[in-house]
Number of protein chains: 2
Amino acid sequence: MTLATDRKTVGFIGLGIMGHSMAGHILAQGHDLRVFSRTRAKADDLLARGARWVDSPAALAAECDVVISIVGYPADVEQIYLSADGIVAHARRHAILIDMTTSSPGLARRIADAAAERGLTSLDAPVSGGEVGARDGTLAIMVGGDPVSFNAARPLFEAMGSKITHMGPAGAGQHTKMANQIAIASTMVAVCEALSYAKAAGLEQEKLLDAIGAGAASSFQLNVLGPKIAAGDFAPGFFVHHFVKDMSIALAEADRMKLNLPGLSLARGLYQKLIDGGFDEDGTQALYRVYSGMLGGGDAV
Amino acid sequence: MTLATDRKTVGFIGLGIMGHSMAGHILAQGHDLRVFSRTRAKADDLLARGARWVDSPAALAAECDVVISIVGYPADVEQIYLSADGIVAHARRHAILIDMTTSSPGLARRIADAAAERGLTSLDAPVSGGEVGARDGTLAIMVGGDPVSFNAARPLFEAMGSKITHMGPAGAGQHTKMANQIAIASTMVAVCEALSYAKAAGLEQEKLLDAIGAGAASSFQLNVLGPKIAAGDFAPGFFVHHFVKDMSIALAEADRMKLNLPGLSLARGLYQKLIDGGFDEDGTQALYRVYSGMLGGGDAV
């Protein structure tokens, strides 16, 4: 028997842009869905489709076989899992707790330890693929934690994603996501510097992207976000402030491991200028503003 | 009538890994090929296929309708084109001069000016795609210079490449190649930092590349060179010392344009450590050595 054929009671906490779509896929898979979110209105259509509202993480945990969360910041994760009125303290015995927030590997390990003390298991399972991946159920999901629980939860992951990888013990999912964000950070610097150079040199940015976009310079960031930069479109796919949160976690982990990542440090510093300029709700491609004097005061790098 | 149907006398200077394959494609297109290279032995098989050896750039220029060069460094380009016994001084009237070396945009403009004074035209046409692209005739070729000459030379470019773009006036081809190298530089930093973080965090690098390689972190550098890094394979596709030459040209141009490119500066500095460590003939993916204490003395970033 697997969850795919078994109707389970699944609790979902956090119905933001990502969580709302993901919870919908769980519901569509036929499970008994309980939901909680900071803003109740975000649950309206899920409730209309048969989900049930629960008034707190603790109440949700007390009713569910599996608890899934995707919230904003590590502090939120810590509160909903580890506080006295949190999930770990109130979950049913043998429940599987799955945090899909991009959060710190150390916190993932602390939740796993606290869960184990109560006969529970937890998985850290951050995602990549953004709003579109969440909507289409094509997220990449990177999982750390007990392999037995991973296998039990796999059908739920398959409802939400198309690339599901068990990376290792508790924290390994978060570490994988950190490596993903580290790879993105300097690649975005690369794209902004190439486009900024091109503009200064009098080249058409669109033509440049076409000329170099199929070779060794190609990247998701260049090919997908480069054209947005060339068009002056800084609307968010992924918010600057979320990316800065992720880079800060990665830098803290790197420090802890005595690892020097000068490219990541540089990227983090450049993005801070965007935050200082009030552009924290732009998309990550807005890093180009730092190079183009579009920070408001004509301030460049 | 175009060059594709017209047999032209084409001179080719520089028969290194790239030039040798490229000259072979010109020969295969049916042109009367004259060749010159620093090392005559590199011409042997082309001569066996009907090319003719010429003893100097000047002698070659005096016999050819089109002169193509791909040599090592801007100083080499300057010498073969602009010295008293160089190509510009000895070329036939109306000849088209095409330098495909990755070289400086400023030098490309000086050659164009000197050529124009003698009734010649020149194109700067650096390539990307490496050894494989040269062998298979699938290079990306980025061209600056007079559009009429570009159109006349297009059939020759089509023998060597599959993505041919006229980017603008003299120097625009080199500027495009610089933007390409700028995009590669920080992307390689991104890949090395992600893999270095993954290793420190206890993740399997191959598994990481598989987990993140299809999403927002994907790039040619991650997907093609990442697995080589994970396998400890630092054999050259593109030499460290050539990449450092290119980054130095790009930084000099950026300085001239009062453009600050901190990511490129950082990458240039990290690659300098490789050169200082004696790894200048490694492939560019050897940047990972800087992060992994593989510089010989256990020296890290």
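Residues numbered from 1 in each chain as written. Chains lettered and ligands numbered in written order. Predicted model: local features only at pLDDT ≥ 70, side-chain atom pairs only at ≥ 80, totals over all residues. Heavy atoms only, no water.

A. Spatial organisation of the packing of aromatic side chains. Within this structure, the stated rule accounts for eight aromatic pairs over all chains. Relative to B:Trp53, the ring of B:Phe36 lies with its centre 5.7 Å away and its plane at 40 degrees, an arrangement referred to as tilted. You can see B:Phe36 sitting in strand β2 (residues 32-36) and its partner B:Trp53 sitting in strand β3 (residues 52-53), a full 17 residues away along the chain. There is no split in this pair, since B:Phe36 and B:Trp53 are both buried. An aromatic cluster is built from A:Phe238, A:Phe243 and A:Tyr271, whose rings are joined through pairwise contacts. Positioned over the ring face of A:Tyr73 is A:Lys245, at 5.5 Å from the centre of the ring. (Phe/Tyr/Trp six-rings, centres within 6.5 Å; stacked < 30°, edge-to-face > 60°. Helix = DSSP H or I, 4+ residues; strand = E, 2+ residues; numbered from the N terminus. Buried < 20%, exposed > 50% of the residue type's maximum accessible area, 1.4 Å probe, protein only. Lys NZ or Arg CZ within 6 Å of the ring centre and 35° of its normal.)

B. Representation of the domain arrangement of chain A within the structure. All names here are of chain A. Along its sequence, chain A is carved into domain 1 (9-168) and domain 2 (175-292). Centre-to-centre separation of domain 1 and domain 2, based on C-alpha positions: 29 Å. Taken residue by residue, the interface counts 15 residues in domain 1 and 12 residues in domain 2. The junction of domain 1 with domain 2 conceals about 1,100 Å² of combined surface from both sides, 60% of it contributed by carbon and sulfur atoms. When the buried surface of domain 1 facing domain 2 is broken down by residue, Tyr 73, Thr 102 and Pro 105 rank first, second and third, together holding 42% of it. Here domain 1 and domain 2 share zero salt bridges between them. Where domain 1 meets domain 2, there are five residue pairs in polar contact (both at pLDDT 80 or more). Per-element tally for the side of domain 1 that touches domain 2: the top contributor is helix α6 (residues 105-117), with three residues. Class assignment for the residues of the side of domain 1 that touches domain 2 results in seven nonpolar, seven polar and one charged. (Domains from an automatic or database assignment. Contact = heavy atoms within 4.5 Å. Buried area = accessible area lost by both parts, 1.4 Å probe. Salt bridge = Lys/Arg side-chain N within 4 Å of Asp/Glu carboxyl O. Polar contact = N/O pair within 3.5 Å; in protein donor to acceptor, adjacent residues only side chain to side chain. Nonpolar A, V, L, I, M, F, W, Y, C, P; charged D, E, K, R; others polar.)

C. Here's a closer look at unusual backbone geometry. All names here are of chain A. If you check the backbone angles, His 94 has positive phi at about 70 degrees while not being a glycine. One can find His 94 in the loop between α5 (87-90) and β5 (96-99). For Lys 258, which is not a glycine, the phi torsion comes out positive at approximately 60 degrees. Residue classification places Lys 258 among the exposed residues on the basis of a relative accessible area of 76%.

D. Inspection of the packing of helix α9 (residues 172-200) of chain A against helix α13 (residues 262-276) of chain A at higher detail. All names here are of chain A. The contact between α9 and α13 brings their axes to 9 Å, and the two run at 65 degrees. For the element pair α9 / α13, the angle class is roughly perpendicular. The interaxial crossing formed by α9 with α13 has left-handed handedness. Taking contact as the criterion, the partners of Ile 182, Ala 185, Ser 186, Met 188 and Val 189 in α9 are, on α13, Gly 263, Leu 264, Ala 267, Leu 270 and Tyr 271. Of the residues that constitute the contact of α9 with α13, the class distribution is eight nonpolar, two polar and no charged. (Axes fitted to C-alpha atoms, helices over the stretch in contact; angles between N-to-C directions. Parallel < 35°, antiparallel > 145°, perpendicular 65-115°, else oblique. Left-handed = near helix turned anticlockwise from the far one by under 90°.)

E. Representation of the interface of chain A and chain B within the structure. With 53 residues of chain A at the contact, the number on the chain B side is 53 residues. Interface area for chain A against chain B, summed over the two sides, is near 4,400 Å², with a carbon-plus-sulfur share of 69%. One can count two salt bridges joining chain A with chain B. We note a salt bridge from B:Lys163 to A:Asp210, for which the minimum N-O separation is 3.0 Å. Where chain A packs against chain B, one counts 14 residue pairs in polar contact (both at pLDDT 80 or more).

F. Looking closely at the pairing of strand β6 (residues 121-124) of chain B. Sheet topology places strand β5 (residues 96-99) of chain B next to β6(B); four bridges connect them, and they run parallel. By the bridge assignment, B:Ile98 is partnered in β6(B) with B:Leu123. (Pairing = 2+ DSSP bridges.)

G. Structural context of the relation of the copies chain A and chain B. For these two chains of identical sequence, chain A goes onto chain B by a turn of 180 degrees and a shift of 0.0 Å along the axis, with RMSD 0.0 Å. On the angle and the small slide along the axis, the relation comes out as a two-fold axis. Of the C-alpha atoms belonging to chain A, the one lying closest to the rotation axis is found on A:Ser219, 1.8 Å away. Taken as a fraction of all interface residues of chain A, those also at the interface in chain B reach 100%, which identifies the copy contact as same-surface. (Least-squares fit on C-alpha atoms with pLDDT ≥ 70 in both.)

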